[in-house]
Amino acid sequence: MQATLHQLRVFATVARHRSFTKAADELNITQPTVSSQVKHLANILELPLFEQIGKQLYLTEVGEALLGTCRDIFDRLENFEMQVADFKGMKQGKLRLAAVTTTKYFVPRLLGSFCATYPEIDISLQVINHQQLIQRMTDNEDDLYILSNPPKDINLEIHKILENPLVVVAKSDHPLAEKHNISIQELNGESFISREAGSGTRRAIQELLNKHKVAVRVRLELGSNEAIKHAIAGGLGISVLSQHSLFAKELESELAILDVREFPIERYWYVAYLSSKQLSTIAQTFLEYLLEQSQF
Ligand code: PGA
């Protein structure tokens with residue numbers, strides 16, 4: 001194949017964004033250049049790499065296969081660059097992390113102290129919900145993943161690192177805020193603020209409520225734990241949140257944790273990576289650093 005690395009990079013960027021325009025923006029080149037590079041690749045292969053259906057750009061089967069190959073090539077090249085830096089006695093390169101939303105209360109801090117020790121490292125941290133993280137895992141986009149409830153159908157190396165209890169949160173003047181030992185049945189019919197579909201927190205709550213046949217009244221769906229806290233303080237309903245999201249002081253006097261018997265839902269955070277993945281020196285160093293901070 002006579003393709004250049006540059007052409008492969010252009011193709012992979014288009015494939016990631018499913019857009020020629022966004023790829024051109026990211027790569028700082030013009031859209032006609034992007035199109036001609038992709039066209040050149042397709043000509044070499046004598047097969048189309050993309051398919052336009054309506055406004056949507058799809059990868060063809062060979063496009064998917066090429067994208068997988070590109071990821072392997074770029075991964076290995078990047079690892080090699082890091083090895084070279086390592087040979088020179090430097091820890092240098094890129095660390096790619098994806099973490100579920102609730103971990104934002106501790107991961108950035110850990111990164112802060114890690115970066116202070118290794119200032120030459122560039123970090124990309126994607127803070128996303130469970131479903132989006134699983135998608136990135138499937139696409140082999142990152143070095144390490146921090147999540148609750150790791151999937152069973154992906155081959156992973158997993159280490160438990162921290163507790164992530166989920167608690168019922170209400171406005172501090174809610175009638176149940178003064179009560180103790182509340183039965184979960186008392187949540188029946190409560191106005192509830194729920195996370196978006198695809199959230200791991202939402203799924204854990206639903207499983208517990210279903211198990212006890214409790215039906216809350218979902219009044220509002222929000223994609224952010226912070227927004228949910230403000231909605232609770234605004235009187236829109238109760239919710240269930242990671243206890244870690246409540247450590248910040250700003251809403252402390254306005255929110256109360258309800259003493260519901262079946263709570264907290266016991267969950268844990270794990271750090272995971274694909275078993276097939278050869279971790280870079282930097283990812284390995286960060287993994288060891290995380291495990292040193294682990295409760296387990
Ligand atoms: P979420 O993830 O952001 O998808 O709710 C948190 C979790 O799964 O614990």
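Quick notes on the rules
Every chain's residues receive numbers from 1 upward, in the order its sequence appears when written. Confidence filtering applies because this is a predicted model: local features only for residues at pLDDT of at least 70, side-chain atom pairs given and counted only at 80 or more, and all residues used for totals across whole chains, interfaces and linings. Heavy atoms throughout the structure, all of them, feed into the side-chain values; hydrogens and water do not. The rule for a residue being near a molecule or strand is that one of its heavy atoms must lie within 4 Å of it. In protein, a polar contact requires one atom able to donate a hydrogen and another able to accept it; more generally it is a pair of N or O atoms within 3.5 Å, and residues adjacent in sequence count only if both atoms are side-chain atoms. For the area figures, the Shrake-Rupley method with a 1.4 Å probe applies, and any residue is considered shielded solely by the protein chains shown. Think of a 1 Å grid over the protein atoms and nothing else: a 1.4 Å probe that fits but is trapped marks a cavity, an open set flanked by protein within 12 Å on at least five of seven lines marks a pocket, and residues with an atom within 4 Å of a point count as lining. For a molecule to be placed in a cavity or pocket, more than half of its atoms must lie within 2 Å of the grid points of that cavity or pocket. What counts as a ring pair is set by centres within 6.5 Å for rings of Phe, Tyr and Trp (its six-membered ring), and what kind of pair is set by the plane angle: stacked under 30 degrees, edge-to-face over 60, tilted for all other angles. Strands are runs of DSSP state E lasting at least two residues, helices are runs of H or I lasting at least four, and both sets are numbered from the N terminus onward. We call a residue buried when its accessible area falls under 20% of the maximum for its residue type, exposed when it is over 50%, and partly exposed in between, using a 1.4 Å probe and counting protein chains only. A ring is considered to have a charge above it if a Lys NZ or an Arg CZ atom is located within 6 Å of its centre and within 35 degrees of its normal. Two strands form a pair only when DSSP identifies at least two bridges running between them. Note on definitions: angles span 0 to 180 degrees between N-to-C directions of axes, and those axes are lines fitted to C-alpha atoms, for helices only across the stretch in contact. Domain delimitation in this document rests on an assignment produced automatically or drawn from a domain database. Place the viewer so that the strands point away; then a crossover is right-handed whenever the path from the first strand over the helix to the second strand goes clockwise. Residues count as neighbours in contact if any of their non-hydrogen atoms are within 4.5 Å of one another.

Draft legend 1. Inspection of the site of the ligand at higher detail. Taken together, Val 100, Thr 101, Thr 102, Asn 129, His 130, Ser 148, Asn 164, Arg 195, Ser 199, Gly 200, Thr 201 and Arg 267 make up the full set of residues near the ligand. Between Thr 101 and the ligand, the recorded distance is 2.5 Å, taken from a side-chain N or O atom to an oxygen atom. A distance of 2.5 Å separates an oxygen atom of the ligand from a polar side-chain atom of Thr 201. Contact with the protein chains hides 100% of the accessible area of the ligand, taken as 280 Å² for the molecule alone. Here the ligand occupies the largest cavity.

Draft legend 2. Structural view of the packing of aromatic side chains. Taken as a whole and assessed by the stated rule, the structure comprises eight aromatic pairs. Between Phe 11 and Phe 50 the ring centres are 5.5 Å apart and the planes differ by 45°, which places this aromatic pair in the tilted class. In this pair, Phe 11 is assigned in helix α1 (residues 5–17) and Phe 50 in strand β1 (residues 50–53), connecting sequence segments 39 residues apart. Of the two residues examined, Phe 11 and Phe 50, each falls in the buried class. When the ring of Phe 106 is compared with that of Trp 269, the centres are 4.8 Å apart and the planes differ by 40°; the resulting orientation is tilted. With a gap of 163 residues between them, Phe 106 in the loop between β3 (93–100) and α5 (107–117) and Trp 269 in strand β12 (residues 268–274) connect regions that are remote in the sequence. Grouping aromatic residues by their ring pairs yields a cluster made of Phe 114, Tyr 118, Phe 286 and Tyr 289. The side chain of Lys 160 reaches across the aromatic face of Tyr 268, ending 3.9 Å from its centre. For the cation-ring pair, Lys 160 lies above Phe 296, with the distance from its terminal atom to the ring centre recorded as 5.0 Å.

Draft legend 3. Expanded view of the sheet that holds β3. As summarised here, the arrangement of the five strands in space is β4-β3-β5-β12-β6, forming an open sheet in which the pairing is mixed. The outermost strands of the open sheet, each flanked by one partner alone, are β4 (121–128) and β6 (156–163). Across the sheet, the mean angle separating the axes of adjacent strands is 20° when strand polarity is ignored. Sheet topology note: the β3/strand β5 (residues 144–147) ladder contains three bridges and is parallel.

Draft legend 4. Representation of the domain arrangement of the protein. What the domain assignment lists for the protein is domain 1 (5–67), domain 2 (92–163 + 269–293) and domain 3 (166–266). On a C-alpha basis, the centroid separation for the pair domain 1 and domain 2 is 29 Å.

Draft legend 5. View of the pairing of β12. Of all seven residues making up β12, seven are buried, and the element is well covered by its neighbours. On β12, burial covers both faces: Tyr 268, Tyr 270, Ala 272 and Leu 274 on one face and Trp 269, Val 271 and Tyr 273 on the other are all buried. When β5 meets β12, the two strands line up antiparallel, connected through three bridges. Directly across from Ile 146, in β12, lies its bridge partner Val 271. Sheet topology note: the β6/β12 ladder contains seven bridges and is antiparallel. Residue pairing in the sheet places Leu 156 in a bridge with Leu 274 of β12.

Draft legend 6. Region of the structure containing the pairing of strand β8 (residues 191–195). The buried fraction of β8 is high, at five of five residues. Burial along β8 is two-sided: Ser 191, Ile 193 and Arg 195 facing one way and Phe 192 and Ser 194 facing the other are all buried. Looking at chain direction, β8 and strand β9 (residues 217–222) are connected through five bridges and run parallel. The residue of β9 that forms the bridge with Ile 193 is Leu 220. Between the parallel elements β8 and β9, the chain passes through helix α7 (residues 200–211) in a crossover that is right-handed.

Draft legend 7. The arrangement of the sheet that holds strand β11 (residues 255–257) in detail. In spatial order, the strands read β10-β7-β11; together these three strands make up an open sheet with antiparallel pairing. The open sheet terminates on both sides in strands that have one partner only, identified here as β10 (239–242) and β11. Put simply, the sheet's adjacent strands are angled 45° from each other on average, direction ignored. Where helix α8 (residues 225–233) meets the sheet, its contacts fall on β7 (166–171), β10 and β11, and the angle it forms with β10 comes to roughly 140°.

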